[in-house]
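A closer look at the structure
What follows is each chain in one-letter form.
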Amino acid sequence: KYQRQYFMPPKVTYDWVTKDYIDHPPIWCSVDLRDGNQALIEPMSLDEKLEFFTMLVKLGFKEIEIGFPAASETEFEFARTLIEKNMIPDDVTVQVLTQAREHIIKRTFEAVKGAPRAIIHLYNSTSVAQREQVFKKSKEEVKKIAVEGAKLLDKLAKETTGNFSFEYSPESFPGTEVDYAVEVCNAVLDVWKPKKDNKVVINIPTTVEIAMPHVFATQVEYISKNLKYRDAVTLSLHPHNDRGTGVSDAELGCLAGADRIEGTLFGNGERTGNVDIVTLAINMYSHGVDPGLDFSHITEIGETYERLTRMRIYERQPYAGQLVFTAFSGSHQDAISKGFVWHEQKKDGGIWSVPYLPIDPKDLGREYDGDVIRINSQSGKGGVSYILKTNYGMMVPKEMQADVSYTIKDISDREHAELSPARIYQIFEDKYIHND
Ligand code: KIV
Ligand code: ZN
């Protein structure tokens, strides 16, 4: 009963050599305001998009896909507002998405007229399923859609005021024969004829993720080696997360030759979302590489994100979730509190190695108090002593620690609830100071 047959990605042979970590950041492109926004129950209003855009700029994004201007009036107006009110900083390039259809391309250029820097992002679907089921077109006909679109972009960019460059995506890439995807991308590149000082972006989306990350990375390597004008092409990836491996796709894809990543904050986006750039960037940071994005106020960023998207950040979301640095269990608490002492005494030579904490939560603006050691029925003496010491400056003598912790744990067990530092102190005071 479990032997359903599904489309399998084409076979690949592996060649790429992995490094232990990514040693330089890719170009980051936020697609929060387009892919993220189009997947929201209630898409952002113009003012909300403006606030989100400002946050992305503050975080350090230099490329931001601001929408699909031909799709709605709000999207169109948003592009016009940014341009007409000079809201695009000098070091930021905005990007807009367009299908390879004449009236949509024309409307897109109206939206970005006068832009100081804009990438026009052209796409059409190339997969076997889309060719056969949706468009009922041959490979040649589908390639022609891309080429005609590329030609129109080239023409309108010359006729429209503003500063434009191009991006092409073979949408539904995972269901596309890899050599055919390269053929289409190369046909588009032959129209644009990019140069080293006038690059274009070729963007490989896992529109719907269907392969394991090493398969995708091997496809990326194949593409990187077989694209024409390679020195003049920025090879971009646009992972989605249908199999839960968007981050792995991006990381292995970078090792396999990609230069740029399109993704969103906290992985918002179609279905299971786009790749989470927060996780990617902080993973890199934890390997000692500056990602070029500033997530030192993660809680504030998360709150703004939740307010504007009306989405929720899962408690176990890497780095940002409420519980991701929290230890309730006794052995973890004991190891962490000993690790803190070790770290305070600089025994680690400044290298962060506190057990159970992959990075220092303070680097993300999070606090140890309240974020790290919390007390419930699973907790141990190390944790309870830590709470009394850090919150009330009380050093519980070693001989008393077990008794104190059993008293606290028993109450938590009976009440089936977490105990706050104030409550712990009150219990301690009642039993050990007032002898109640
Ligand atoms: O996921 C996707 O394929 C897209 C394209 C439009 C790039 O969002
Ligand atoms: Zn997408």
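First, a word on what this report is: a plain description of the structure on this page. Keep in mind the model is a prediction, meaning the values are calculated, not measured. (Residues numbered from 1 in each chain as written. Chains lettered and ligands numbered in written order. Predicted model: local features only at pLDDT ≥ 70, side-chain atom pairs only at ≥ 80, totals over all residues. Heavy atoms only, no water.)

Attention now goes to helix α4 (residues 102-112). All of the buried residues in α4 are Ile104, Ile105, Thr108, Phe109, Ala111 and Val112. End-on, the buried residues of α4 take up no more than an arc of 155°, which puts them together on one face. Looking one or two residues past α4, Gly114 carries a phi angle of roughly 80°, positive in sign. (Buried < 20%, exposed > 50% of the residue type's maximum accessible area, 1.4 Å probe, protein only. Helix = DSSP H or I, 4+ residues; strand = E, 2+ residues; numbered from the N terminus. Arc of directions from axis to C-beta.)

This paragraph deals with the packing of helix α6 (residues 139-159) against helix α7 (residues 178-192). Orientation of α6 relative to α7, taken along the N-to-C sense of each, is 30°, at an axis distance of 9 Å. With respect to α7, the element α6 is oriented roughly parallel. Note that α6 runs across α7; the crossing there is right-handed. Note on element contacts: α7 touches α6 through Tyr180, Glu183, Val184, Ala187, Val188, Val191 and Trp192, opposite Lys139, Glu140, Val142, Lys143, Ala146, Val147, Ala150, Lys151, Leu153 and Asp154. Partitioning the contact of α6 with α7 into residue classes produces 11 nonpolar, no polar and six charged. (Axes fitted to C-alpha atoms, helices over the stretch in contact; angles between N-to-C directions. Parallel < 35°, antiparallel > 145°, perpendicular 65-115°, else oblique. Left-handed = near helix turned anticlockwise from the far one by under 90°. Contact = heavy atoms within 4.5 Å. Nonpolar A, V, L, I, M, F, W, Y, C, P; charged D, E, K, R; others polar.)

Counted under the stated rule, the structure contains nine aromatic pairs. Seen from their ring centres, Phe53 and Phe78 are 6.4 Å apart, and the 80° between their planes marks the pair as edge-to-face. Taken as a pair, Phe53 in helix α2 (residues 46-59) and Phe78 in helix α3 (residues 73-84) lie far apart in primary sequence, 25 residues in all. You can call Phe53 buried: its relative accessible area is 2%. (Phe/Tyr/Trp six-rings, centres within 6.5 Å; stacked < 30°, edge-to-face > 60°.)

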